Structures are given as structure tokens and as C-alpha cells.
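Spelled out, the chains give:
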Amino acid sequence: MLPLPDHLRAPAQRLFGDRLELAERFAALLAEEGPQRGLIGPREVERLWERHLLNSALLADAIPDGSGTVADVGSGAGLPGVVLAIARPDLRITLIETMQRRAAWLQEVEDTFDLGLEVVRARAEDLHGARSFDVVTARAVAALDKLSRWTLPLVADGGELLALKGSSAQDEIDAAQKVLRRLGGVDPRIRRYGEGEVELPTTVVHVRRRHQATGKGESRG
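All of the points below concern the structure found in this document.

**Quick look at the nonpolar core**
Within the largest apolar cluster, 51 residues are counted, with the highest numbers of intra-cluster contacts made by Phe-16, Phe-26, Leu-30, Trp-49 and Val-82. Per-element accounting of this core gives the leading share, 8 residues, to helix α2 (residues 20-33). Among residues more than four places away in sequence, those in contact with Phe-26 are Leu-53, Ala-77, Val-82, Val-83, Ile-86, Trp-105, Val-109 and Phe-113. With 27 residues, the next largest nonpolar core counts Leu-144, Leu-154, Ala-176 and Val-205 among its residues.

**A short note on the pattern of salt bridges**
Here the structure, examined in full by the defined rule, presents 15 salt bridges. Among the charged side chains, a network of salt bridges with common partners joins Arg-14, Asp-61 and Glu-197.

**Details of the sheet that holds strand β7 (residues 202-209)**
Pairing in this open sheet of 7 strands is mixed, and the strands run β3-β2-β1-β4-β5-β7-β6 from one edge to the other. Pairing within the sheet leaves two strands with one partner each, and these edge strands are β3 (118-121) and β6 (185-193). Here the strands of the sheet are splayed against their neighbours by 20° on average, with no regard to which way each runs. Relative to β7, strand β5 (residues 155-165) runs antiparallel, the two sharing 6 bridges. Within β7, the position partnered with Lys-165 by the bridge is Thr-203. Across the sheet, helix α6 (residues 144-151) lies against β1 (69-73), β4 (133-139), β5 and β7, angled at about 145° from β5, the strand it touches most. Contacts between helix α7 (residues 169-182) and the sheet are confined to β5, β6 and β7, with β6 contributing the most and set at about 160° to the helix.

**Structural notes on unusual backbone geometry**
Omega for the peptide link from Leu-79 to Pro-80 comes to 10°, which places this bond in the cis form. A positive phi angle is found at Asp-114, which is not glycine, with a value near 55°. Mapped onto the fold, Asp-114 is located in the loop between α5 (100-113) and β3. At Asp-187, a residue that is not glycine, the phi angle is positive and equals roughly 55°. Note on placement: Asp-187 falls in strand β6. A relative accessible area of 44% means that Asp-187 is categorised as partly exposed.

**Section: α7**
Helix length check: α7 (14 residues) gives 20 Å between terminal C-alpha atoms against 20 Å at 1.5 Å per residue, within 8%. Along α7, the largest kink reaches about 60° and is centred on Ala-176. Residues Ala-169, Glu-172, Ile-173, Ala-176, Val-179 and Leu-180 constitute the buried set of α7. Residues of α7 that are buried make contact with α6, β5, β6 and β7. Looking one or two residues beyond α7, the residue adopting positive phi is Gly-184, at roughly 85°.

**What to know about the packing of α2 against helix α3 (residues 48-57)**
Angle between the axes and distance between the axes: these two values describe a pair of packed helices. Where α2 meets α3, the closest approach of the two axes is 12 Å, and the angle between their N-to-C directions is 120°. One element, α2, and the other, α3, form an angle in the oblique class. Of the two possible hands of crossing, α2 and α3 adopt the one that is right-handed. Residues Leu-20, Ala-23, Glu-24, Phe-26, Ala-27, Leu-30 and Ala-31 of α2 lie in contact with α3, whose contacting residues are Leu-48, Trp-49 and Leu-53.

**Concerning the packing of aromatic side chains**
The relation between two aromatic rings is expressed through the spacing of the ring centres and the mutual angle of the planes. As enumerated under the stated definition, the model contains 2 aromatic pairs in all. Ring geometry for Phe-26 and Trp-105: centres 6.5 Å apart, planes at 40°, overall tilted. Remark: Trp-105 occurs in helix α5 and Phe-26 occurs in helix α2; sequence separation between them is 79 residues. Residue Phe-26 is classed as buried on the basis of its relative accessible area, which comes to 1%. Arranged with centres 6.4 Å apart and planes meeting at 80°, the rings of Phe-26 and Phe-113 form a pair that is edge-to-face. Linking Phe-26 in helix α2 with Phe-113 in helix α5, this pair joins segments that are 87 residues apart in sequence. Among the aromatic side chains, those forming a connected cluster through ring pairs are Phe-26, Trp-105 and Phe-113.

Reading the values: the criteria
Residues numbered from 1 in each chain as written. Predicted model: local features only at pLDDT ≥ 70, side-chain atom pairs only at ≥ 80, totals over all residues. Heavy atoms only, no water. Core = buried A, V, L, I, M, F, W, Y, C linked by side-chain atoms within 4.5 Å. Buried < 20%, exposed > 50% of the residue type's maximum accessible area, 1.4 Å probe, protein only. Helix = DSSP H or I, 4+ residues; strand = E, 2+ residues; numbered from the N terminus. Contact = heavy atoms within 4.5 Å. Salt bridge = Lys/Arg side-chain N within 4 Å of Asp/Glu carboxyl O. Pairing = 2+ DSSP bridges. Axes fitted to C-alpha atoms, helices over the stretch in contact; angles between N-to-C directions. Expected span 1.5 Å × (residues − 1). Bend = angle between axes of the 7 residues up to and from the residue. Parallel < 35°, antiparallel > 145°, perpendicular 65-115°, else oblique. Left-handed = near helix turned anticlockwise from the far one by under 90°. Phe/Tyr/Trp six-rings, centres within 6.5 Å; stacked < 30°, edge-to-face > 60°.

This is the structure we're talking about:
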């Protein structure tokens, strides 16, 4: 097992509740297999809980009850998608990943933990017009202007894009304004989750997709 640091036990207990043991099992599996499978760097193991697992789990606070369907684009190691599925079993989560070896890992995680995840190996833009979700999430995938081209067309009218970002969040919003407007993205705003609970709160850019948005996505070229 990858031990949960004592100073993180309270927020972990709040976020995962009676599924904390499941989160600890996933943490142990990711710590064991992640570096050798190229999912996380070796140096990330010792800070896996604070920098990655709780950072991802705090996204649960950003998603209102009753949201229904969620797509996590560029799921990679399962951050935040798998962690979110553990923290919020009420959500129906689809993991979208382009790389075969990462998609295989995600399917193995689903087979092991039976979280009700759908794993789709595809580029996000390949699903434009075919799938839509109440919420679309992404973590460490691309700058917001590029990310919005891939993800906003997957957001149902009235739904939200939730992009986990760092200190450059406002700069990314400023740079993405034209693209957001064209794709029907409105009211971009920054929210921080976990303040007072963890040393590094989770920064999330919320972008709502207006009703009857008609903007088309663009390919990655």
C-alpha cells in the first residue's frame, strides 16, 4: 500500500467517505505500475496523494449533484477520471484517451475495481457530433484555447467544461476568449477547491456552454 499521509487523511476522508479504501488501493496500484508503464514519473510516487490524487478528487466539489454524465479527456493514468469515479459514484464517467497503452491501463483499472467506467480510445475531436456530456473534464492536457477546441463541442448545451489548471489560469482565459465565444463557451471563471484543507488547492477553470451553441470544433491538424 502507498500510505496516506496523516495530514491528508481528513480531506481524503471527506472526499472519498466509505470508499477511501478503494482510493488507497488505486493509489497503491498506480504507485507500483505507473512509473514502469510510463503513466507517471518515478519522482511523482512520493507526492502522489497530494499532487495528484487529492488534486483530482477535489474536482468532485466542482460538479453539482445530478450532473449525470461526465467525460474526462486525456485521462492518461486516470487523473482525474478514475479518482473522480471513486469519489462520486453517482456520476457516469467516460474516459477518453488516444494512446493505446494508456487506454489499456484504464480498462484494466475498470476491470479490477468495477467503477462503472466507459473507456473510449479516441481523439476528443473524433467524437464531435456523436457524443455529448453534462460535464467535460481535463487535467494537464493543453492550454485552454487549444483544449476548448477539442472539448467544448463535447459539452451538452448548458453543460460545463472543467479544466484543472495552475497559476497561469487567468492568462489562459484571456488568450482563449475568441475561441470560447466562437464555440459557445461563456462565463469563464476560476474557482479554487480545497483551500484550508490542502497545501495546494485545486484550481479549476469553469466554462459554461450556452444553450443552442453551434460552434464547430477543430482538429489537431
